[in-house]
Amino acid sequence: PRSPGGDAGSRALAAPGARTCRDRAEPAALPPAPLGFTDVNLNSRNTYEVSRRRSAPEHLPHGGTAPAEPAPPPQEPAERARHRVGIAGAGSSFAEFFTRNFFTKRTKELKPAVQSAPGWKLFGKVPPRENLPKDSKIIQQEYEARTGRMYKPPPPSARRKNIEFEPLSTTALILEDRPANLPAKSVEEALRHRQEYDEMVAEAKKREIKEAHKRKKIMRERFKQEENIASAMVIWVNEILPNWEGMRATRRVRELWWQGLPPSVRGKVWSLAVGNELNITPELYEIFLSRAKERWKSFSETSSENDIEDAGASVADREASLELIKLDISRTFPSLYIFQKGGPYHDLLHSVLGAYTCYRPDVGYVQGMSFIAAVLILNLEEADAFIAFANLLNKPCQLAFFRVDHSMMLKYFAAFEVFFEENLPKLFLHFKSYSLTPDIYLIDWIFTLYSKSLPLDLACRVWDVFCRDGEEFLFRTGLGILRLYEDILLQMDFIHIAQFLTKLPEDITSEKLFSCIAAIQMQNSNKKWAQVFASLMKDSKEGDKNHSPAPKS
């Protein structure tokens, strides 16, 4: 006995005009056709529905046309389609079984065809998981067969010896194979990469060991320096400061002074060394500070910014330079962020500079004063900083520069050149060949007492010996800087020398600089600095007398 749906199943296979789900969207008649195999679309999701329709032709009308039937949603799951087939009748179960076996057989036949596709595809339609990894030798053979070129490993001499980059640590050097989707390395390439990797690791380890020794050395020097500072502080507090007048000129104190003052006693020693020849009291400071505040208030109420700048430039009213202070404070030690607006020492610095402009209206405010006042504020109280500031600027050298006394400034430059030629004759002639005069680099150094040109801790040590030796040490420090960078400066031209001396390297250390300063001899023909400068002053006065007009008889 045959299955009730057997004829229907045979007719479904014999129908040559089997339609897919795309054909169902357009209602049309099914014309009779000769027997043949159906063309099944494997990409269709509704193949089961097509089999169901072809397996039940007895439900069609006698006219041979299939009634229009709404198409299922395009995203209809296969399980729902299978469920609809199950409720269609007895003939559909055989078709479902036949169709399932049919697709299983086709899938098994297609798999070998996909896997055996020739060539290696990186961007093809084959999914990455279906690409079987190939051995490096097979890939190399395929490449040689395709290109006709043979691979030749580079000779050992051509291998890269110098590493073009410096790894930060050995942990950053990890030797890995190529990803699975790239051709594997050849044996020669793998060995070469392993050798380069070992070289990089060895170099990185050497560098790390060297840096570790360097850090350890720096730490030992720092601990030693802190111990020396601690022991020196005890001597300064217990022995020197209580007997200042009797011990300040002794050889022991001068040697301790050269090594640098402990930060805890630096401000006190500076005040004692600078002195108070002007007899300024804290009460006098308050008087000039209140006057400065009144001036600020009157400026803000009555003057515009342009009027203030014009007034500040006039010699008749130097007190008007109060407003110019604001422009310079923001540029004072900008890396510290303590003197700028909103910083803890902004108002303090503004008060000290404002009080000085009212105290010395003949000098007023000159650019560079803010650095000197800032260094004093970092080491002294407000009133003491003002007293030291006013007395320091009253010294002959500072007064000549801040009052822009050109004749006096030229004498200081001439005295500097005398010792420049005596200590550094080669560099002196090099500067002369480019007509590079001392004013190009010395003015900035003297105006700020090296606090702008050198690191702050090094500048404070220069200040220590400056308070001991006076103005002579300022010019000796300048010669020490030139000696330190003599070899570099001899290779430069005018422009580069001026730029270099205007902005000195930041890695300058106190040990190197002070060793160069100690090598500078401030004697010329058995004449010291004071004697050379005095002779220049005498020659200048005699020259003025000779050029003066003769009195009328």
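Residues numbered from 1 in each chain as written. Predicted model: local features only at pLDDT ≥ 70, side-chain atom pairs only at ≥ 80, totals over all residues. Heavy atoms only, no water.

- Labelled according to an unreviewed UniProt entry, the protein chain appears under the name TBC12 protein, originating from Rhadina sibilatrix.

## What about the UniProt feature "coiled-coil region" (unreviewed entry) in the protein chain?
Consideration 1: Following the UniProt record, one finds the feature "coiled-coil region" (unreviewed entry) at residues 187-222.
Consideration 2: In the segment residues 187-222, helix accounts for 100% and strand for 0%; the C-alpha atoms at its two ends are 52 Å apart. (UniProt positions renumbered as here; feature names shortened; annotations may be inferred. Helix = DSSP H or I, 4+ residues; strand = E, 2+ residues; numbered from the N terminus.)

## Focus on the layout of surface pockets
Consideration 1: What the largest pocket holds in volume is close to 1,400 Å³.
Consideration 2: Put simply, the parts of the chain that give the lining of the largest pocket at least two residues each are α6 (187-240), α9 (263-274), α14 (369-379), α20 (456-469) and α24 (510-518).
Consideration 3: Among the elements that line the lining of the largest pocket, the one with the most residues is α6, at ten residues.
Consideration 4: Residues belonging to the lining of the largest pocket are distributed by class as follows: 16 nonpolar, seven polar and eleven charged.
Consideration 5: Counting contributing residues, the lining of the largest pocket receives three or more from each of domain 1 (189-259) and domain 3 (402-541). (1 Å grid on protein atoms, 1.4 Å probe; cavity = no way out; pocket = protein on both sides within 12 Å on 5 of 7 lines; lining within 4 Å. Points joined across faces, edges and corners; volume = space filled by probe spheres on them. Nonpolar A, V, L, I, M, F, W, Y, C, P; charged D, E, K, R; others polar. Domains from an automatic or database assignment.)

## A short note on empty space enclosed by the protein
Consideration 1: Tallying each qualifying case throughout the model produces two cavities of 30 Å³ or more.
Consideration 2: Looking at the largest cavity, its volume works out to about 50 Å³.
Consideration 3: Taken together, the elements giving at least two residues each to the lining of the largest cavity come down to α17 (406-423) and α18 (425-433).
Consideration 4: Sort the elements by how many residues they give to the lining of the largest cavity and α18 lands first, with three residues.
Consideration 5: In the lining of the largest cavity, the residues fall into six nonpolar, no polar and two charged.
Consideration 6: In this model, the second largest cavity occupies a volume close to 40 Å³.
Consideration 7: Lining the second largest cavity are V274, E277, N391, N394 and K395.
Consideration 8: Here the residues of the lining of the second largest cavity are counted per class, giving one nonpolar, two polar and two charged.

## Details of the packing of aromatic side chains
Consideration 1: Scanning all chains against the criterion turns up 31 aromatic pairs.
Consideration 2: Here F402 and F447 contribute two aromatic rings whose centre-to-centre distance is 5.0 Å and whose plane-to-plane angle is 85°, an arrangement assigned as edge-to-face. With F402 in helix α16 (residues 396-402) and F447 in helix α19 (residues 439-448), the pair connects residues that are 45 residues apart, well separated along the chain.
Consideration 3: Classification of F402 as buried rests on a relative accessible area of 3%.
Consideration 4: Look at F416 and Y441: their rings are 6.3 Å apart centre to centre, the planes differ by 65°, and that puts the pair in the edge-to-face class. Pair noted here: F416 is in helix α17 and Y441 is in helix α19, with a separation of 25 residues, a long-range link. (Phe/Tyr/Trp six-rings, centres within 6.5 Å; stacked < 30°, edge-to-face > 60°. Buried < 20%, exposed > 50% of the residue type's maximum accessible area, 1.4 Å probe, protein only.)

## A look at the confidence of the model for the protein chain
Consideration 1: Put simply, the protein chain has an average pLDDT of 76, and 62% of its residues get 70 or more.
Consideration 2: In this model, residues 1-30 is a region of pLDDT below 50 whose contacts with residues beyond four sequence positions or in other chains number 54 contacts.
Consideration 3: Counting interchain partners and residues more than four positions distant, the pLDDT-below-50 stretch residues 33-48 has 33 contacts. (pLDDT = per-residue confidence, 0-100. Contact = heavy atoms within 4.5 Å.)

## Comments concerning the side chain of H346
Consideration 1: Inspection of the secondary structure puts H346 in helix α13 (residues 346-359).
Consideration 2: Once you skip the residues sitting within four places of it in the chain, H346 turns out to touch I329, I338, F339, Q340 and K341.

## Digging into the packing of α14 against helix α15 (residues 382-392)
Consideration 1: It is at 9 Å that the axes of α14 and α15 come closest, and there the two elements cross at 140°. One element, α14, and the other, α15, form an angle in the oblique class. In the crossing of α14 with α15, the sense of the turn from one axis to the other is right-handed. Contacts between α14 and α15 pair M369, I372, A373, L376 and I377 from the former with A385, A388, F389 and L392 from the latter. (Axes fitted to C-alpha atoms, helices over the stretch in contact; angles between N-to-C directions. Parallel < 35°, antiparallel > 145°, perpendicular 65-115°, else oblique. Left-handed = near helix turned anticlockwise from the far one by under 90°.)

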